[in-house]
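If you want the building blocks of each chain, they are given just below.
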Amino acid sequence: MITIGIDVSAKTLDVCMLLPAGKNKHRKFDNDRSGHTKLLEWIDSTDPVIALEATGVYYLDLAFALARAGKRLM
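This is a predicted model, so every value here is computed, not measured.

What follows is about the pairing of strand 4 (residues 49-52). Summarising the sheet, strand 1 (residues 3-8) and strand 4 pair through four bridges and their orientation is parallel. From the neighbouring strand, Gly5 faces strand 4, where its bridge partner is Ala51. In this sheet, strand 5 (residues 72-73) lies alongside strand 4 in parallel orientation, the contact comprising two bridges. Residue Ile50 lies in a different strand from strand 5, and its bridge partner there is Leu73. Each parallel crossover has a hand, and for strand 4 linked through helix 2 (residues 60-68) to strand 5 it is right-handed.

Another aspect to go through is the environment of Thr12. With respect to the helices and strands, Thr12 occurs in strand 2 (residues 12-18). For Thr12, a relative accessible area of 22% translates into the label partly exposed. Thr12 sits 11 residues away from Met1 along the chain, and the two C-alpha atoms are 25 Å apart. Beyond its immediate sequence surroundings of up to four residues, Thr12 is in contact with Asp7, Lys28, Phe29, Asp30 and Asn31.

This paragraph deals with the sheet that holds strand 4. Taken together, five strands build an open sheet; the order of strands is 3-2-1-4-5 and the sheet is mixed. At either end of the open sheet lies a strand with only one pairing partner, and these are strand 3 (25-30) and strand 5. Note: strand 2 against strand 3, six bridges, orientation antiparallel. Directly across from Asp14, in strand 3, lies its bridge partner Lys28. Strand contacts of helix 1 (residues 33-43): strand 1, strand 2, strand 3 and strand 4, with the helix running at about 155° to strand 3, the strand carrying the most contacts. Along the sheet, helix 2 contacts strand 1, strand 2, strand 4 and strand 5; its crossing angle with strand 4, the most-contacted strand, is approximately 170°.

Rules of the game
- Residues numbered from 1 in each chain as written.
- Predicted model: local features only at pLDDT ≥ 70, side-chain atom pairs only at ≥ 80, totals over all residues.
- Heavy atoms only, no water.
- Pairing = 2+ DSSP bridges.
- Helix = DSSP H or I, 4+ residues; strand = E, 2+ residues; numbered from the N terminus.
- Right-handed = clockwise from strand over helix to strand, strands pointing away.
- Buried < 20%, exposed > 50% of the residue type's maximum accessible area, 1.4 Å probe, protein only.
- Contact = heavy atoms within 4.5 Å.
- Axes fitted to C-alpha atoms, helices over the stretch in contact; angles between N-to-C directions.

Structural data, given as C-alpha coordinates:
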(Lines give C-alpha, C1' and ligand atoms only; values in the text may rest on other atoms or scores of the structure.)
Protein backbone atom coordinates (compact mmCIF):
# COMPACT_ATOMS: atom_id res chain seq x y z
CA MET A 1 0.00 0.00 0.00
CA ILE A 2 1.17 3.52 -0.78
CA THR A 3 0.46 6.21 1.77
CA ILE A 4 0.67 9.93 1.12
CA GLY A 5 0.89 12.53 3.87
CA ILE A 6 0.15 16.16 3.03
CA ASP A 7 1.13 19.09 5.25
CA VAL A 8 -1.16 21.95 4.24
CA SER A 9 -0.43 25.65 4.57
CA ALA A 10 -2.09 28.69 3.03
CA LYS A 11 0.31 28.77 0.07
CA THR A 12 1.96 25.36 -0.21
CA LEU A 13 1.45 21.62 0.13
CA ASP A 14 4.37 19.52 1.39
CA VAL A 15 3.70 16.01 0.16
CA CYS A 16 5.47 12.82 1.23
CA MET A 17 4.76 9.58 -0.62
CA LEU A 18 5.67 6.56 1.52
CA LEU A 19 6.76 3.71 -0.72
CA PRO A 20 7.79 0.12 -0.02
CA ALA A 21 11.42 -0.48 0.92
CA GLY A 22 11.78 3.08 2.21
CA LYS A 23 12.07 4.66 -1.22
CA ASN A 24 9.97 7.63 -0.18
CA LYS A 25 9.42 10.68 -2.36
CA HIS A 26 8.83 14.29 -1.37
CA ARG A 27 7.48 17.15 -3.43
CA LYS A 28 6.09 20.61 -2.81
CA PHE A 29 3.09 22.03 -4.67
CA ASP A 30 1.29 25.35 -4.63
CA ASN A 31 -1.95 25.26 -2.68
CA ASP A 32 -4.11 26.43 -5.57
CA ARG A 33 -6.00 24.83 -8.44
CA SER A 34 -2.86 24.47 -10.56
CA GLY A 35 -0.94 22.87 -7.69
CA HIS A 36 -3.82 20.50 -6.97
CA THR A 37 -3.84 19.42 -10.63
CA LYS A 38 -0.08 18.82 -10.57
CA LEU A 39 -0.39 16.80 -7.36
CA LEU A 40 -3.14 14.66 -8.88
CA GLU A 41 -1.02 14.07 -11.98
CA TRP A 42 1.91 13.03 -9.76
CA ILE A 43 -0.14 10.45 -7.85
CA ASP A 44 -2.38 9.38 -10.74
CA SER A 45 -0.69 6.04 -11.37
CA THR A 46 -0.89 5.07 -7.70
CA ASP A 47 -3.84 4.05 -5.54
CA PRO A 48 -2.76 5.75 -2.32
CA VAL A 49 -4.38 6.31 1.01
CA ILE A 50 -4.02 10.01 1.74
CA ALA A 51 -3.63 11.58 5.18
CA LEU A 52 -4.41 15.27 4.94
CA GLU A 53 -3.68 17.82 7.64
CA ALA A 54 -6.78 19.95 8.13
CA THR A 55 -5.31 23.40 8.77
CA GLY A 56 -8.02 25.99 9.20
CA VAL A 57 -9.83 26.29 5.86
CA TYR A 58 -6.69 25.91 3.74
CA TYR A 59 -7.26 22.20 3.12
CA LEU A 60 -10.84 22.40 1.84
CA ASP A 61 -10.26 23.01 -1.87
CA LEU A 62 -7.63 20.25 -1.94
CA ALA A 63 -9.92 17.82 -0.09
CA PHE A 64 -12.69 18.46 -2.63
CA ALA A 65 -10.27 18.01 -5.57
CA LEU A 66 -8.98 14.72 -4.13
CA ALA A 67 -12.53 13.48 -3.46
CA ARG A 68 -13.66 14.39 -7.00
CA ALA A 69 -10.69 12.42 -8.33
CA GLY A 70 -11.82 9.38 -6.29
CA LYS A 71 -8.81 9.34 -3.96
CA ARG A 72 -9.13 7.71 -0.52
CA LEU A 73 -8.76 10.21 2.34
CA MET A 74 -8.09 9.40 5.99
